[in-house]
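Reading the structure
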Amino acid sequence: MLVDIQKASMWKRISAYIFDMILLGILAVGLATVLSFALGYDKYAADLDEAYAKYEREYGVEFGITEDEYDAMSEEDRAVFDEASFAVSADKDAIYSYNMIVNLTLIITTFSILLSYLALEFVLPLVFKNGQTLGKKIFGIALMRNDGVKINTVSLFIRTVLGKFTVETMIPVLILIMIFLGSMGVVGVIVIGLIGLLQIILLIATKTNSAIHDVLANTVAVDFASQRIFDSMEEQIEYKKQLHAEEVAKREYF
């Protein structure tokens, strides 16, 4: 077992990451389905669809058209379409359903992803020890602090919630939702691009090839088979003293 940092190979890290993300995606979708049912998301979606269908029948229009199709309309048809759109926007029940859909989408997305991260990237590593997720355990990867000491609960929480969940996942996800809803444009794309660029720079430039979550938590992914992980700094110091004493004894012998 070696004292120096034995970084896990990038291929192992990528493989473990893909495996863990597949599990996280499955769990998040399952939780989102449960939350959607519990919070009545489908009811609000059905009410909104019914409101759109009502005004489509009343005005003889279709709301689900592209911008090009709208531009290709005659002036008269465009006026009717605009009138129908105004009627929907003035319908209090339709607006209420729309607002509930937006709010529930944010709530369901946030909590399903958060709970998935907490289960697979925080609780499970506490059970497996050494910061190992199921993917890391399969591919022989462990986590430790950059100083060679075992990762603690606080570091693991920062790595999971602040790094992986907040910065790397939810900021891009919320921006994508806002782009989809039309409340954010090119600025959102730029922010997502900058986060991705920062991730790549850190992976290349840091000595430990660490991602954002590892930089924030001061942790490093290591090869579990060859890395010695100390329970405390005191244990590491004593171990280094022992190695030094053995080295001095060898020199005196020769």
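Our structure's up above, just so we're on the same page.
This section reports on the structure supplied with the text. Here the structure is a predicted model, which means the values were calculated and not measured.

**Some remarks on a negative patch on the surface**
- A cluster of acidic residues, Glu62, Glu67, Asp68, Glu69 and Asp71, forms a negative patch at the surface.
- Accessibility expressed as a relative area gives 57% for Glu62, which makes it exposed.

**Details of the pairing of strand E1 (residues 141-145)**
- Here E1 lies mainly inside the structure; four of its five residues are buried.
- Of the pairings in the sheet, the one linking E1 to strand E2 (residues 219-223) comprises five bridges and is antiparallel in character. Its bridge partner being in E2, Leu143 is matched across the sheet by Ala221.

**Brief notes about the layout of surface pockets**
- A volume near 460 Å³ is recorded for the largest pocket.
- In terms of lining residues, the largest pocket is bounded by 21 residues, among which Arg13, Tyr17, Gln199, Ala211 and His213 are the most central.
- Mapped onto the lining of the largest pocket, the elements with two or more residues apiece are helix H1 (10-39), helix H5 (92-128), helix H7 (153-180), helix H8 (186-205) and helix H9 (212-217).
- Broken down by element, the residue count for the lining of the largest pocket peaks at seven residues, all from H1.
- Partitioning the lining of the largest pocket into residue classes produces ten nonpolar, three polar and eight charged.
- Taken as a whole, the second largest pocket encloses approximately 210 Å³ of empty space.
- What lines the second largest pocket is Tyr41, Leu48, Tyr98, Ile101, Val102, Thr105, Ile177, Phe180 and Leu181.
- Sorting the residues of the lining of the second largest pocket by element identifies helix H2 (41-59), H5 and H7 as the ones contributing at least two each.

**Remarks on the side chain of Asp223**
- Within the fold, Asp223 resides in strand E2.
- Judged by its relative accessible area of 15%, Asp223 is buried.
- Within the structure, Asp223 has its side chain in polar contact with the side chain of Lys12 (distance 3.4 Å).

**Side note on empty space enclosed by the protein**
- Within the structure shown, the criterion is met by one cavity of 30 Å³ or more.
- Of the pockets and cavities examined, the largest cavity occupies roughly 30 Å³.
- Taken together, Asp20, Leu23, Leu120, Glu121, Leu124, Thr133 and Leu134 form the lining of the largest cavity.
- Every element with two or more residues in the lining of the largest cavity is listed here: H1 and H5.
- Per element, the largest residue contribution to the lining of the largest cavity is three residues, and it comes from H5.

**A closer look at the environment of Asp49**
- Relative to the elements of secondary structure, Asp49 occurs in helix H2.
- For the pair Asp49 and Tyr98, spaced 49 residues apart in sequence, the C-alpha to C-alpha distance is 9.8 Å.

**Brief notes about the packing of aromatic side chains**
- Applying the stated criterion to the full structure yields seven aromatic pairs.
- In this structure an aromatic cluster arises from ring pairing among Tyr52, Phe63, Tyr70 and Phe81.
- The ring of Tyr44 is capped by Lys43, whose NZ or CZ atom sits 5.3 Å from the centre of that ring.
- Here Lys137 stacks its cationic end above the ring of Phe128, 5.1 Å away from the centre of that ring.

Parameters and conventions
- Residues numbered from 1 in each chain as written.
- Predicted model: local features only at pLDDT ≥ 70, side-chain atom pairs only at ≥ 80, totals over all residues.
- Heavy atoms only, no water.
- Patch = residues over 30% accessible without salt bridge, like charges linked within 9 Å, V, L, I, M, F, W, Y side chains within 5 Å.
- Areas by Shrake-Rupley, 256 points an atom, 1.4 Å probe, with all protein chains shown as cover.
- Salt bridge = Lys/Arg side-chain N within 4 Å of Asp/Glu carboxyl O.
- Lys, Arg positive; Asp, Glu negative; His and termini not counted.
- Charge placed at Lys NZ, Arg CZ, Asp CG, Glu CD.
- Buried < 20%, exposed > 50% of the residue type's maximum accessible area, 1.4 Å probe, protein only.
- Helix = DSSP H or I, 4+ residues; strand = E, 2+ residues; numbered from the N terminus.
- Pairing = 2+ DSSP bridges.
- 1 Å grid on protein atoms, 1.4 Å probe; cavity = no way out; pocket = protein on both sides within 12 Å on 5 of 7 lines; lining within 4 Å.
- Points joined across faces, edges and corners; volume = space filled by probe spheres on them.
- Nonpolar A, V, L, I, M, F, W, Y, C, P; charged D, E, K, R; others polar.
- Polar contact = N/O pair within 3.5 Å; in protein donor to acceptor, adjacent residues only side chain to side chain.
- Phe/Tyr/Trp six-rings, centres within 6.5 Å; stacked < 30°, edge-to-face > 60°.
- Lys NZ or Arg CZ within 6 Å of the ring centre and 35° of its normal.

Function cannot be inferred from these measures alone, as they are strictly geometric.
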